[in-house]
Amino acid sequence: MNNVAYILQKLGERVQAFVAYWLTKTYIFCCPLRERKFFCISMSGNSYGDSVKCLTDYLSTHHPEAEIVWAFSSGFFKKSNCPHKGVKLYSFSYYYHILTSKYILSNARLNQRMLHKRKGQVYIQTWHGTALKRLGTDIDKKRSAWKELVLPSVFKHDVRHTDIMISGSTFMSSVFRDKFLFKGDLWETGMPRNDIFFHDHSEVVEKVRREYGIADDMQIVLYAPTFRNDRQFTYYDFDYKNFCQLWQQRTGKSCVFMVRLHPILLYKSSALEQLFGSDTINASAWPDMQELLCAADVLVTDYSSSMFDFMLSGKPVVMYTPDADSYSNGFYFHLDGLPFIRMNDNSEMEKALQQFNTNKYKRKIEAFLDKIGNKEKGDATHCIIEKIFSQKYAY
């Protein structure tokens, strides 16, 4: 698609959404907000999981009077298996429900077509992890007037409308203040999606193993790399066969290799068999990443924030970072200062695994959590929902 066609397509999408929004706004002009209605969206409509799902699961159990609506992209709508009412992005139903909900929950930034607020609404941004990659003003570049017209800044729009942000550490609170320029309420409760690591999750592990036919005596090596700006798999050349063999020698247990692509790359997941072979498990379509982390015995990633979630379990994290020197966003932590096993290429694999010591690893995790001012205690979901219902908001 050439530039002119792309621009026309984007403008057309914005006009279509604009018309749907204004027609809906006119229709609900006299409709009051529903005080216990929650409008929910995860990863821009391409996921049914993360902290937002944890919050709605809790609502269903402890506050059944709450009305819950989830929004999904057209491509993900039928794959979500969501038990709540679902609507498609940018539809009349989408705008009706977002404009009549007291609370809007999201774990990622919402653009100008997604996010519209009325007086009295409360937008709660849970975000989606501890930041390794630089964010906000550290990467937000000056934009031309033309680009701002065609693709307006999502970052500025989302932050301007956010009322509450959820933080899992004093480090992330400082990122939200200094890099997002967020001036609203910060709740350092921990992240709901991480509560699962502090409680019995044997049923979740059993569910994942049953779905993919994995025997109880097999270890799961989960490979979950983040995406690159070019959306290519250039640096996904992890030698999983050698790794599984070396890990089996170390532990005495056979391994299965599971791959989970970032939701942005879900549309390319069919290429994984060609990339890794038919003996790997493609778990990219699994709706809840935290469930896969619970089931996994080892996590292999590059720069994904999932490493900071997984370390709460005490299980090994391996960083495979072949493009560390050229990765465009830059990092908040020196990679060698993180508590994880790290290798820049496959030739370093055997040495890195030989040097790994479980007891030292756990001590490093404790030191790192102390360094970032960790707030995870396993009760974030309860704290957030009960805090919502115990307070009155007038935004």
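Here the structure is a predicted model, which means the values were calculated and not measured.

Cut-offs used in this document
- Residues numbered from 1 in each chain as written.
- Predicted model: local features only at pLDDT ≥ 70, side-chain atom pairs only at ≥ 80, totals over all residues.
- Heavy atoms only, no water.
- Helix = DSSP H or I, 4+ residues; strand = E, 2+ residues; numbered from the N terminus.
- Buried < 20%, exposed > 50% of the residue type's maximum accessible area, 1.4 Å probe, protein only.
- Expected span 1.5 Å × (residues − 1).
- Arc of directions from axis to C-beta.
- Contact = heavy atoms within 4.5 Å.
- Right-handed = clockwise from strand over helix to strand, strands pointing away.
- Pairing = 2+ DSSP bridges.
- Salt bridge = Lys/Arg side-chain N within 4 Å of Asp/Glu carboxyl O.
- Axes fitted to C-alpha atoms, helices over the stretch in contact; angles between N-to-C directions.
- Disulfide = S-S within 2.5 Å.

Asks: I would appreciate a short explanation of unusual backbone geometry in the present structure.
Replies: The phi angle of most residues is negative, glycine excepted, and most peptide bonds adopt the trans form. With phi around 50°, M43 is a residue other than glycine that occupies positive phi space. By the element assignment, M43 lies in the loop between β1 (34-41) and α2 (50-62). The residue D50 is not glycine, and still its phi comes out positive at about 65°. Mapped onto the secondary structure, D50 falls in helix α2. Owing to a relative accessible area of 11%, D50 belongs among the buried residues under this scheme.

Asks: So what exactly am I meant to see when it comes to helix α8 (residues 240-251) here?
Replies: For the α-helix, the turn length of 3.6 residues means that residues three or four positions removed from each other point alike. Here α8 is twelve residues long and its end C-alpha atoms lie 16 Å apart, about the 16 Å a rise of 1.5 Å per residue gives. Of the positions making up α8, those classed as buried are Y240, F243, C244, L246 and W247. End-on view of α8: buried residues confined to an arc of 165°, all on one side of the axis. Facing away from the buried side of α8, by more than 90 degrees, are the exposed residues K241 and Q249. Buried positions along α8 lie against β8 (219-223), β9 (255-259), α9 (272-276), β11 (298-301), β12 (317-320) and α12 (349-354).

Asks: Just to check I follow, could you spell out the pairing of β8 for this structure?
Replies: In summary, the side chains of a regular strand alternate between the two faces of the sheet. Judged by how many residues are buried, β8 sits mostly within the fold: five of five residues are covered. Residue alternation in β8 divides its side chains into two sets, Q219, V221 and Y223 and I220 and L222, and both sets are buried. Crossover β8 to β9 through α8 is right-handed. Both β8 and β11 contribute to a ladder of three bridges, which runs parallel. Across the sheet, V221 pairs through a bridge with V298, a residue of β11.

Asks: Whenever I open this one, the pattern of salt bridges confuses me. Can you help?
Replies: Counted according to the given criterion, the structure contains 16 salt bridges. In this structure, the salt-bridge partner of R210 is E206, at a minimum N-O distance of 3.6 Å. Of the two residues, R210 and E206 both sit in helix α7 (residues 202-212), four residues apart, roughly one turn of that helix. Owing to a relative accessible area of 56%, R210 belongs among the exposed residues under this scheme.

Asks: Just checking my understanding: could you explain the sheet that holds β11 for this structure?
Replies: Whether parallel or antiparallel, the strands of a sheet pair through hydrogen bonds between backbone atoms. Taken together, six strands build an open sheet; the order of strands is β10-β9-β8-β11-β12-β13 and the sheet is parallel. Where the open sheet ends on each side, the last strands, each with one partner, are β10 (281-282) and β13 (341-343). The pairing of β8 with β9 spans five bridges and is classified as parallel. Note on β9: the bridge partner recorded for L222 is M258. Set on the sheet, α8 makes contact with β8, β9, β11 and β12; between it and β9 the angle comes to about 140°.

Asks: Mind showing me how you'd approach the pairing of β12 here?
Replies: Residues of β12 alternate between two faces, with V317 and M319 on one and V318 and Y320 on the opposite face, all of them buried. Bridge count for β11 against β12 is three bridges, and the pairing is parallel. Its bridge partner being in β12, V300 is matched across the sheet by V318. Taken together, the three bridges between β12 and β13 define a ladder with parallel strand orientation. Note that in β13 the partner of M319 across the bridge is R342.

Asks: Please explain the state of the cysteines as it appears in this structure.
Replies: Here, the word disulfide means a covalent bond between the sulfur atoms of two cysteines. In this structure the tally under the stated criterion is zero disulfides. With no disulfide of its own, C30 lies closest to C31 among cysteine sulfurs, the gap being 7.3 Å. The thiol of C244 is unpaired, and the distance to the nearest cysteine sulfur, on C255, comes to 4.8 Å. Taking the relative accessible area as the measure of exposure, C244 reaches 11% and is therefore buried.

That's the geometry; what it means functionally is another story.
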